Amino acid sequence: MEKITGSEALMQALKNEGVKTIFGYPGGSIMPVYDALYDYTRGEKKAFDHILVRHEQGATHAAEGYARVSGEVGVCIVTSGPGATNTLTGVADAMLDSTPIVVIAGQVPIGALGTDAFQEVDLVGVAQPISKWSYQIRHADDIAWAVSRAFYIAKSGRPGPVVLDFPKNAQTETVEFQPQHVDFIRSYVAYPKLNNEALQEAARLINQAKKPLALVGQGVELGNAQHELVEFLEKADIPAGRTMLGLSALPSSHPLNAGMLGMHGNYAVNLKEQECDVLIAIGMRFSDRVIGNTATYAKQAKIIHLDIDKSEIDKNVKTDVAVVADCKESLPALTALIQKADHHEWRASFAPLNKREQEKVIEPAIHPMSGPLLMGEVVNAVAEACPDDTILVTDVGQNQLFATRYFKYHHKRSICTSGGLGTMGYGMPAAIGATFGAPERTVCCFMGDGGFQMCIEELGTIMEQQAPVKMILMNNHYLGNVRQWQDMFWQRRKSFTKMLNPCYELIAKGYGIPYEAVTDRKNLAAATAKMLATEGPYIMECAILEDDNVLPMTPPGMNVDDMMLEI
């Protein structure tokens, strides 16, 4: 068999895994790989599109966005030292949000390890606590096995990030490459066996319930179980709240959609968590931003938890029945055991609370009568004008909370946002990745002025690739979410949250990206239509009321039903 270099072997291994798109940034310790990559991005050998980002953090977020909308593993390649450490924010973000990515980083030759060589860092040691698996490929003979194992771990079971440290000697050694296919690891149980006794007990509780409530998380999307979820909910006639990451697991228009859960979620569904008699959590982890005060959360209810990850069971909330399995398997099995139900009186009890929120919060937010623009009305205007299959990408902060609340979700895998880590700067590169992961869909990215500047360099990637990201910059000259908390809980002492911002029009012009500023609501609809009709990227900057606040809100540490509709 012909011998090839380790770098060539990596290309063959990635091709064998079905990789189509790579996000990356070259450097000294990864140069042999990039030399091999040259031939695999053009000519007869072409197998990949390589997207040159402007910062390695951007590469990981782009890989996340790609993975979230495509359902495939996102891939990025970077160099050693700062190139590798710059990816760690994205790795941690992917770990907390269960996003399957593989990060391949160059490393100094193994003979130089431990000598503090130029751009040497113990990547495996640093990445291990924040990744699903981290491994150093010390010799070319290990490449086929390590790459196949990395992809299997990243995408199987509860997905997550994998980091491969690739010393330079392994890149230049020669090897007789033979593709490998890893689909079993003795110490790793990706898909737990469904426990029939737990399933029977869960069905019994659901059949007896008078006021059942489902909490739907991203696990439904990760398990591709959206159809199974709908069949379960409709047969049991159960209203369902969705976590932020699970918003597109159930269409916004579905009659059993009860709204978004959490600190800034919808009023009725949060209050009803404290009234339901059976609570069914599906593919969600009982985040502190969802449950509030754990000491008082849903104490009246029997709690059923369906999740693929056993470590999530009883971690934050004590459950009565745990069904540990892939929801693609557990949901239809449970549906077969439950009785057809009618809970119309229970569902009708949500209506007065929904009406109260509509009158006090939603209508004033999306249809203000006067004054400066509000974030809610901007999101609503864009949502109303977008195609049904539009993908929402957000940065982090008030822009994220308004966008997730007021956008409309019609199709699966329609939301990319940083949930667990709350990474400012996530939005723009994740949106770039989303345009490559789902090129046939419109991608709208909502950002605040703070998050926009966190990864503003990725405008260069958008310019070079002409990535059709519709960027909605909601500019209030503040770190808005921190400012809101300062106003509410810190005696209005606005400590370093006011921002002096650049001229975004000139920045857009420098990158050759079409731009329009909206300062008056009478121009909002026309500007939105123009943005959506323009091919390629676009920046629409909206001048937002400086002290616009996200409501409802459950103050931190308070009971989930202590929601404030006004400040």
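Only a predicted model underlies this, so the values are computations on that prediction, with no experimental measurement involved. (Residues numbered from 1 in each chain as written. Predicted model: local features only at pLDDT ≥ 70, side-chain atom pairs only at ≥ 80, totals over all residues. Heavy atoms only, no water.)

**Q** Give a description of the overall build of the protein chain that names residues and reports values.
**A** Helix and strand content of the protein chain: 24 helices and 20 strands. Computed over the C-alpha atoms, the radius of gyration of the protein chain is 24 Å, within 12% of the 24 Å expected from 2.2 N^0.38 for a compact globule of 567 residues. For the protein chain, the spread of C-alpha atoms along the principal axes amounts to about 70 × 60 × 45 Å. Relative to its 567 residues, the protein chain shows a buried fraction of 59%. Looking at the protein chain alone, contacts between residues at least 24 apart form 77% of all its contacts between residues at least 6 apart. Positive and negative side-chain charges in the protein chain, numbering 50 and 66 respectively, have mean positions lying 4 Å apart. (Helix = DSSP H or I, 4+ residues; strand = E, 2+ residues; numbered from the N terminus. Rg over C-alpha atoms; globule rule 2.2 N^0.38 Å. Buried < 20%, exposed > 50% of the residue type's maximum accessible area, 1.4 Å probe, protein only. Contact = heavy atoms within 4.5 Å. Lys, Arg positive; Asp, Glu negative; His and termini not counted. Charge placed at Lys NZ, Arg CZ, Asp CG, Glu CD.)

**Q** Now, about the state of the cysteines: what can you tell me, with residues and values included?
**A** As enumerated under the stated definition, the model contains zero disulfides in all. We note that cysteine 386 lacks a disulfide partner, and the nearest cysteine sulfur, in cysteine 444, lies 3.6 Å from it. For cysteine 386, a relative accessible area of 9% translates into the label buried. Cysteine 542 forms no disulfide, and the closest cysteine sulfur to it belongs to cysteine 444, at a distance of 12 Å. (Disulfide = S-S within 2.5 Å.)

**Q** Hey, could you go over the sheet that holds strand S6 (residues 133-136) for me, with residue numbers and the actual values?
**A** The six strands are arranged S3-S2-S4-S5-S7-S6 in an open sheet whose pairing can be described as parallel. Across the chains shown, the open sheet's two edge strands, defined by having one partner strand only, are strand S3 (49-52) and S6. Averaged over neighbouring strand pairs, the angle between their axes works out to 20° when direction is ignored. Lying over the sheet, helix H5 (residues 88-96) contacts strand S5 (101-107) and strand S7 (161-167), oriented at roughly 145° with respect to S7. (Pairing = 2+ DSSP bridges. Axes fitted to C-alpha atoms, helices over the stretch in contact; angles between N-to-C directions.)

**Q** Any details on the nonpolar core? Residues and values, ideally.
**A** Among the nonpolar cores identified, the biggest contains 65 residues, and Leu279, Phe286, Phe446, Ile472 and Met540 are the most heavily contacted of them. Apart from residues no more than four positions distant in its own chain, methionine 540 is found in contact with Val382, Met471, Ile472, Leu473, Glu516, Val518, Leu524, Ala527, Thr528 and Met531. With 43 residues, the next largest nonpolar core counts Ala9, Ala47, Ile104 and Ala146 among its residues. (Core = buried A, V, L, I, M, F, W, Y, C linked by side-chain atoms within 4.5 Å.)

**Q** So what's going on with the pairing of strand S12 (residues 278-282)? Residues and values would help.
**A** Here S12 lies mainly inside the structure; five of its five residues are buried. Because side chains alternate across S12, one face comprises the buried residues Val278, Ile280 and Ile282, and the other comprises Leu279 and Ala281, equally buried. As judged from the five bridges shared by S12 and strand S13 (residues 302-307), these two strands associate in the parallel manner. Following the sheet pairing, isoleucine 282 is matched in S13 by leucine 306.

**Q** Any details on helix H11 (residues 226-236)? Residues and values, ideally.
**A** Within the sequence span of H11, burial applies to Gln226, Glu228, Leu229, Val230, Phe232, Leu233 and Ala236. Its buried side turned inward, H11 meets helix H9 (196-208), strand S9 (212-216), helix H10 (219-222), strand S10 (240-242), S12 and helix H14 (327-337). Following H11 by one or two positions, aspartate 237 has its phi on the positive side, about 55°.

**Q** I'd like to hear about the sheet that holds strand S11 (residues 257-260), residue by residue, with values.
**A** The strand order S11-S10-S9-S12-S13-S14 describes an open sheet built from six strands, whose pairing is parallel. The sheet is open, and its two borders are formed by S11 and strand S14 (321-324), each paired with just one other strand. Adjacent strand axes in the sheet meet at a mean angle of 20° when their direction is disregarded. Pairing analysis gives three bridges linking S10 to S11, with the strands arranged parallel. What sits directly across from glycine 241, in S11, is glycine 259. Sheet contacts for H11: S9, S10 and S12; angle to S12, the most-contacted strand, approximately 170°. Most of the contacts of H14 go to S13, to which it runs at about 135°, and overall it touches S12, S13 and S14.

**Q** Break down the pattern of salt bridges for me, citing the residues and quoting the values.
**A** A full pass over the atoms with the stated rule returns 21 salt bridges. Taking the shortest distance from any N to any O, the salt bridge between lysine 360 and glutamate 566 comes out at 3.8 Å. Highlighted residues: lysine 360 in helix H16 (residues 351-366) and glutamate 566 in the segment after strand S20 (538-543), separated in sequence by 206 residues. For lysine 360, a relative accessible area of 40% corresponds to the partly exposed category. (Salt bridge = Lys/Arg side-chain N within 4 Å of Asp/Glu carboxyl O.)

**Q** So, the packing of helix H3 (residues 56-70) against helix H19 (residues 427-437): which residues are in play, and what are the values?
**A** A packed helix pair is summarised by two numbers, namely the angle formed by the two axes and the spacing between the axes. Where H3 meets H19, the closest approach of the two axes is 6 Å, and the angle between their N-to-C directions is 45°. Compared by their axis directions, H3 and H19 come out oblique. Note that H3 runs across H19; the crossing there is right-handed. Two secondary-structure elements touch here, H3 through Gly58, His61, Ala62, Gly65, Tyr66, Val69 and Ser70 and H19 through Pro429, Ala430, Gly433, Ala434, Phe436 and Gly437. Of the residues contributing to the contact of H3 with H19, the split by class is seven nonpolar, six polar and no charged. (Parallel < 35°, antiparallel > 145°, perpendicular 65-115°, else oblique. Left-handed = near helix turned anticlockwise from the far one by under 90°. Nonpolar A, V, L, I, M, F, W, Y, C, P; charged D, E, K, R; others polar.)

**Q** Any chance you could break down the side chain of histidine 343 for me, citing the residues and the numbers?
**A** Counting through the fold element by element, histidine 343 comes out in the loop between H14 and helix H15 (344-348). The residues touching histidine 343, leaving out its near neighbours within four places in the chain, are Ala209, Lys210, Pro212, Ala236 and Asp237.

**Q** Break down the packing of aromatic side chains for me, citing the residues and quoting the values.
**A** Applying the stated rule across the entire model yields 14 aromatic pairs. Ring geometry for phenylalanine 23 and phenylalanine 436: centres 6.2 Å apart, planes at 80°, overall edge-to-face. Taken together, the residues phenylalanine 23 in strand S2 (residues 21-24) and phenylalanine 436 in helix H19 connect sequence positions 413 residues apart. Between tyrosine 152 and tyrosine 188, the ring centres sit 5.9 Å apart and the planes meet at 80°, which makes this aromatic pair edge-to-face. You can see tyrosine 152 sitting in helix H7 (residues 143-155) and its partner tyrosine 188 sitting in the loop between strand S8 (174-175) and H9, a full 36 residues away along the chain. For the residue pair tyrosine 152 and tyrosine 188, the accessibility class agrees, reading buried in each case. (Phe/Tyr/Trp six-rings, centres within 6.5 Å; stacked < 30°, edge-to-face > 60°.)

Functional significance is not addressed by these values, which are geometric in nature.
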